[in-house]
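# Fold and geometry: a report
One letter stands for each residue in the lines below.
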Amino acid sequence: MVTTTDYDQIRASLQSVLSRHERSRNSLIPILHEVQDLFGHVPPAAIAPIAHRLSLSQAEVHGVVSFYSHFRLSAPGRHHITVCAGTACHVEGTPLLMRELRKLLRIEPGQRTADGLFSLSQIGCLGCCAMAPAIMIDGRIYPSVSPARLSAILTEYGFTKDVQTDEAA
Amino acid sequence: MKRLDQLTRQARAQWDALIRGDDPVVWVALGLCSQAAGADAVAQAMRDELTARGRQARFVRTGCMGLCYLEPTVIVRKPGCARIVYGPLDENSARRLVTECLLADGFCPDLAIGKIDADPPEDVPDLADHPVMRHQVRRVMQHCGLIDPEDLSHYLANGGYEAFRKALATPADQIVERLKESGLRGRSGGGFPVWRKWEFTRNAEGAQRYVLCNAHEGDPGAFSNKLLAESDPHAFLEGMLIAAFAVGATQGYIYMASEYPLAHQRVSTAIEQLRWAGLLGDDILGSGFSFDITLRSGAGVFISGEETAQIASIEGRRGAPAPRPPYPGQSGIAGAPTLVQNVETLANVPLIVARGGEWFRAVGTSGSPGTKAFSLSGRLARRGVFELPLGMGLSHVVNDVGGGARDEHPLKAVHTGGPPGGLLPANIEVPLDFDSMGETGSLMGSGGIIAIDDHTCVVDLARHFMEFAQDEACGQCVPCRNGNRVLLDILTGLTQGQGTPGDLDRLLELGNVVRLTSLCGLGQTAPNPILTGIRYFRSEFEAHLHGTCPAGVCPLSAPAEPLAEAAAS
């Protein structure tokens with residue numbers, strides 16, 4: 001994954017993505033997917049080159065990026081936690097999982113922890129309804145998660161309660 | 001044609017060797033959910049145990065059978081014996097399966113779910129007699145969990161692409177006629193007659209035509225299309241080829257939910273294989289028919305499941321729905337006639353082309369013929385994707401297929417049809433089909449059925465749906481953007497003990513306005529959970545007005561957090 005905020009570097013990495021796609025508006029969403037896979041988010045500095053390539057205004061590109069909840073304009077944490085907010089998961093306790101995650105990580109959905117280790121988001125439905133409630137960390141799905149298990153799961157990804165509390169304090 | 005003949009012959013020989021040969025075989029269910037349940041660790045434990053004993057077996061990847069509550073599952077076959085399905089396994093029982101079954105004379109009947117074939121052993125019951133299988137009619141799911149979804153030869157060996165070859169030799173109007181005889185209706189929820197869409201698209205003016213497979217499945221609580229795409233992608237791809245041939249399309253798109261990475265990967269692999277086998281591209285099988293497919297990924301927005309919004313997304317625009325008409329069949333992708341069908345609908349097409357409309361109508365009701373893959377979840381004992389004849393009673397599905405409540409807490413309600421659907425009493429007697437369900441105020445929709453018990457508050461659940469509708473609204477039209485906001489505020493007030501006496505009337509009145517005046521399906525159906533909630537569970541709403549939440553969920557009431565205990569146990 002390329003991590004940079006330098007405009008020229010972003011531009012250089014972008015070129016290989018852009019050159020693989022037709023110069024047509026139809027390519028916009030596939031390009032955004034590739035850009036997000038590359039950088040972990042859609043860097044605001046990438047919007048102008050994409051718009052230029054596809055002969056769109058920057059406002060149009062930004063409008064598309066902000067419409068689709070999959071696309072992020074800011075960098076996620078090193079590990080991204082997605083909590084399923086689908087109906088089956090809600091019924092089986094997603095609100096309690098969210099309460100526990102807020103308590104452990106001290107962030108809201110859409111935010112990143114102070115140490116940059118975790119970011120958090122909610123999603124409409126992961127499609128694992130028969131194993132609710134489910135969460136996904138970096139593409140791995142954890143089924144039937146209880147609030148009590150969360151801290152142990154996060155520890156697999158380097159979570160330490162003391163450090164988090166210290167930083168937040 | 002010769003190449004495909006040859007591939008099919010080879011595929012049959014290989015398949016025969018697999019299910020009747022002299023090597024022990026282990027099929028491992030590897031859907032996204034099976035993997036989440038620990039399928040990889042189970043397979044690894046079996047491999048390790050075999051290696052430790054200096055023995056070998058053939059391992060084959062499959063999708064899954066839809067028995068989510070029994071995952072991880074494997075199928076084991078020893079020479080001369082039936083294929084037996086085992087689950088739910090852990091690493092210990094997986095090792096036991098190796099030592100006591102694969103490498104010994106036993107069959108571990110205590111771990112078995114059932115056997116697939118009639119061969120021995122006698123002491124393992126037939127899978128078809130299992131309570132969760134007994135009521136099913138497996139058509140679109142016939143191969144799910146039995147074949148490797150990433151191996152075209154498995155599909156070819158089981159009759160794959162024969163219907164497409166038959167279609168290539170049939171005039172297009174006769175294919176449409178056959179669909180008309182079948183009475184197939186769209187499986188994404190609308191239930192529109194499929195043949196009419198095909199005929200409309202076929203006859204629309206345009207040099208270029210498209211087929212768009214809607215694999216977005218945004219409804220929370222519906223996961224049957226995910227299962228079909230992960231477990232048997234060629235089934236709907238074959239339907240897509242037949243559809244393209246019948247309507248005269250040369251280019252296809254599949255719009256896949258971004259939440260389904262494994263389905264995306266498997267469909268992508270299947271498309272590559274089709275190109276390799278000469279079933280996609282120019283002049284397919286020397287017929288003069290040319291067609292190719294582009295796989296697109298959605299971007300996490302519910303409304304992208306609506307056909308005009310999906311087309312906008314493919315065209316690189318914000319996915320806001322457009323007023324219809326014009327319908328996509330007339331003016332879709334790039335203004336060209338576009339046939340939009342979902343995964344399950346397309347998977348039914350090869351079966352109808354191969355076996356005929358009369359065969360198709362042999363199950364289901366006269367108005368809703370055929371089967372539907374239902375997604376059962378929530379507090380049911382048996383959860384997963386089960387393919388059932390349309391018209392089966394909802395309480396029969398909940399109690400006999402789903403096994404009723406999972407524990408001592410009785411079921412209170414079932415939510416059907418995703419966010420556009422509604423809440424119904426758990427014991428309601430209504431046939432599950434397109435038309436009867438609409439009369440209850442709920443919907444069959446895409447087939448999601450979520451059972452809830454007394455741990456769940458109906459008002460809180462209605463609020464949850466309203467929050468979802470609010471989050472997912474595109475913001476174009478006033479009733480949905482503003483009306484749903486007001487509905488959400490009233491519900492939030494109720495759950496926080498700030499309800500006022502006129503609230504229920506306001507919810508009903510405004511809910512009906514939003515229902516009747518919104519631009520697209522999202523707004524038109526968003527108030528359904530409230531309207532059905534008040535219709536069937538009025539007393540629970542009224543209790544909130546008097547400061548109590550019978551389920552103990554809403555912050556206004558005691559006892560505090562009974563749900564926390566349930567979730568932790």
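Residues numbered from 1 in each chain as written. Chains lettered and ligands numbered in written order. Predicted model: local features only at pLDDT ≥ 70, side-chain atom pairs only at ≥ 80, totals over all residues.

## Some details on the overall build of chain B
To be explicit about the condition: Counting from the N terminus, the helices are DSSP H or I runs at least four residues long and the strands are E runs at least two residues long. What the globule rule says is 2.2 Å times the number of residues to the power 0.38, and the radius of gyration is computed from C-alpha atoms. Counting other C-beta atoms within 10 Å of a residue's C-beta gives its exposure: the residue is buried at 20 or more, exposed at 12 or fewer, and partly exposed in between, where C-beta atoms are placed from the backbone. Contact between two residues is assigned whenever their backbone-derived C-beta positions fall within 7 Å.
Helix and strand counts for chain B come out as 23 helices and 14 strands. On C-alpha atoms alone, chain B measures out to a radius of gyration of 25 Å, which is about the 25 Å that the 2.2 N^0.38 rule sets for 569 residues. Projected onto the principal axes, the alpha-carbon positions of chain B cover approximately 75 × 60 × 40 Å. Burial analysis of chain B (569 residues in total) assigns 57% to the buried set. A separation threshold of at least 6 residues defines the contact pool for chain B, and within that pool the share at least 24 residues apart is 71%.

## Focus on the overall build of chain A
Check the secondary structure of chain A and you find eight helices and four strands. Reading chain A from its N terminus to its C terminus gives the helix and strand order α-α-α-α-β-α-α-β-β-β-α-α. If you line up chain A on its principal axes, its C-alpha atoms span 50 × 35 × 25 Å. Relative to its 169 residues, chain A shows a buried fraction of 40%. Residue pairs in contact within chain A that sit at least 24 positions apart in sequence constitute 63% of those at least 6 positions apart.

## Some details on the environment of Gln273 of chain B
As for its position among the elements, Gln273 of chain B is in helix 12 (residues 261-276). Separated by 39 residues in the primary sequence, Gln273 of chain B and His234 of chain B have C-alpha atoms spaced 9.8 Å apart.

## With respect to the domain arrangement of chain B
All names here are of chain B. How we decide: Domain start and end points were adopted from an automatic or database domain assignment. Classification convention: Asp, Glu, Lys, Arg as charged; Ala, Val, Leu, Ile, Met, Phe, Trp, Tyr, Cys, Pro as nonpolar; all other residues, Gly among them, as polar.
Assigned domains within chain B: domain 1 (18-127), domain 2 (152-359), domain 3 (371-452) and domain 4 (458-545). Between domain 2 and domain 3, the residue contacts involve 14 residues of the former and 15 residues of the latter. Here the side of domain 2 that touches domain 3 is built from residues that sort into four nonpolar, five polar and five charged.

## Describing the domain arrangement of chain A
Domain parsing of chain A yields domain 1 (7-67) and domain 2 (79-168). For domain 1 of chain A versus domain 2 of chain A, the distance between C-alpha centres works out to 30 Å.

## Overview of the sheet that holds strand 8 (residues 292-297) of chain B
All names here are of chain B. To keep it simple, the criterion reads: Strand pairing is assigned whenever DSSP identifies at least 2 bridges connecting the two strands. Each axis is a line fitted through C-alpha atoms, taken for helices only over the stretch in contact, and angles between the N-to-C directions span 0 to 180 degrees.
Taking strand neighbours across the sheet as the criterion, the four strands line up as 8-7-6-9 in an open arrangement whose pairing is parallel. The open sheet has two edge strands, strand 8 and strand 9 (338-342), and neither has a second partner. For this sheet, the mean angle separating the axes of adjacent strands, direction not counted, is 20°. Note that strand 6 (residues 210-215) and strand 9 share five bridges and pair parallel. Looking at the pairing, Cys213 lines up with Gln341 of strand 9.

## Remarks on the nonpolar core
Residue and element names in this part refer to chain B. Basically, it comes down to this: As used here, a nonpolar core is made of buried Ala, Val, Leu, Ile, Met, Phe, Trp, Tyr and Cys residues. They are joined through C-beta atoms within 7 Å.
Counting 230 residues, the largest nonpolar core has Tyr86, Ile242 and Ala243 as the members making the most contacts within it. The element best represented in this core is helix 11 (residues 233-247), accounting for 11 residues. Discounting chain neighbours no more than four positions away, the residues touching Ala243 are Trp198, Val211, Leu339, Gln341, Leu346 and Val349.

## Examining unusual backbone geometry
In this structure, Pro133 of chain A follows Ala132 of chain A across a cis peptide bond, with omega equal to -10°. With respect to the helices, strands and loops of the structure, Pro133 of chain A is situated in the loop between strand 2 (118-123) and strand 3 (135-137). The backbone of Asp283 of chain B sits at a positive phi, close to 50°, despite the residue not being glycine. Relative to the helices and strands, Asp283 of chain B resides in the loop between helix 12 and strand 8. Notably, Leu285 of chain B is not glycine yet its phi reads approximately 55°, a positive angle.

## Considerations on the confidence of the model for chain B
Close inspection of predicted coordinates is inappropriate in any region flagged by low pLDDT. Residue and element names in this part refer to chain B. What counts is decided by this rule: Scored from 0 to 100, pLDDT reflects the predictor's confidence in each residue.
This prediction gives chain B a mean pLDDT of 95; 98% of its residues lie at or above 70. Within the model, the stretch residues 557-569 combines pLDDT values under 50 with 21 contacts to residues more than four positions away or in other chains. Across the whole predicted complex the pTM is 0.95, and at the interface the ipTM reaches 0.92.

## A short note on the packing of helix 20 (residues 503-517) of chain B against helix 22 (residues 528-545) of chain B
Residues and elements named next belong to chain B. We apply this condition: Put simply, angles under 35 degrees are roughly parallel, angles over 145 are roughly antiparallel, angles from 65 to 115 are roughly perpendicular, and the rest are oblique. In this scheme the crossing of two helices becomes right-handed for a clockwise turn of the near helix relative to the far one and left-handed for an anticlockwise turn of less than a right angle.
Across the interface, helix 20 lies against helix 22 with an axial gap of 10 Å and an inter-helix angle of 160°. The orientation of helix 20 with respect to helix 22, classified from their angle, is roughly antiparallel. Once helix 20 is placed against helix 22, the crossing between them reads as right-handed. Residues Asp503, Leu504, Leu507, Leu508 and Gly511 of helix 20 form the contact with helix 22, whose own contacting residues are Ile530, Leu531, Ile534, Phe541 and Leu545.

## Quick look at the pairing of strand 1 (residues 25-29) of chain B
All names here are of chain B. With four of five residues buried, strand 1 lies mostly within the body of the structure. Relative to strand 3 (residues 74-77), strand 1 runs antiparallel, the two being bridged by four bridges. Looking at strand 3, one finds that Val28 is bridged to Val74.

## Some words on the sheet that holds strand 3 of chain A
Residues and elements named next belong to chain A. Read from one edge of the open sheet, four strands run 2-1-3-4, paired in mixed fashion. Two strands in the sheet have a free side with no partner beyond their single neighbour: strand 2 and strand 4 (140-142). Neighbour-to-neighbour, the strand axes of the sheet open up by a mean angle of 25°, direction not taken into account. As defined by bridge partners, strand 1 (residues 79-84) adjoins strand 3 across three bridges and the pair is classed as antiparallel. Its bridge partner lying in strand 3, Val83 is registered against Ile135. Each of strand 1, strand 2 and strand 3 touches helix 6 (residues 94-105); the most contacted strand, strand 1, lies at about 155° to it.

## Considering helix 18 (residues 458-472) of chain B
Let me state the cut-off plainly: One less than the number of residues in a helix, times 1.5 Å, gives the span that helix is expected to have.
The terminal C-alpha atoms of helix 18 of chain B, which comprises 15 residues, lie 21 Å apart, in line with the 21 Å expected from a rise of 1.5 Å per residue. A large share of helix 18 of chain B lies buried, amounting to 12 of its 15 residues. Elements in contact with the buried residues of helix 18 of chain B: helix 5 (87-91) of chain A together with strand 12 (411-416), strand 13 (422-425), helix 19 (478-495), helix 21 (521-525) and helix 22 of chain B.

## Regarding the packing of helix 9 (residues 194-203) of chain B against helix 11 of chain B
Residues and elements named next belong to chain B. With their axes 8 Å apart at the nearest point, helix 9 and helix 11 run at an angle of 45° to one another. As judged from the angle between their axes, helix 9 and helix 11 are oblique. Judged by residue contacts, Trp198, Thr201 and Arg202 of helix 9 engage Ala243, Ala246 and Val247 from helix 11. Residues that form the contact of helix 9 with helix 11 fall into these classes: four nonpolar, one polar and one charged.

## Observations regarding helix 2 (residues 28-39) of chain A
Over its 12 residues, helix 2 of chain A extends 16 Å from the first C-alpha to the last, a length consistent with the 16 Å expected when each residue adds 1.5 Å. Three or more residues of helix 2 of chain A are buried, namely Leu28, Ile29, Ile31, Leu32, His33, Val35, Gln36 and Phe39 of chain A. Contacts from the buried residues of helix 2 of chain A go to helix 1 (7-19), helix 3 (47-53) and helix 4 (58-67) of chain A together with strand 8 and helix 13 (307-314) of chain B. Immediately downstream of helix 2 of chain A, the backbone of Gly40 of chain A shows phi near 85°, a positive value.

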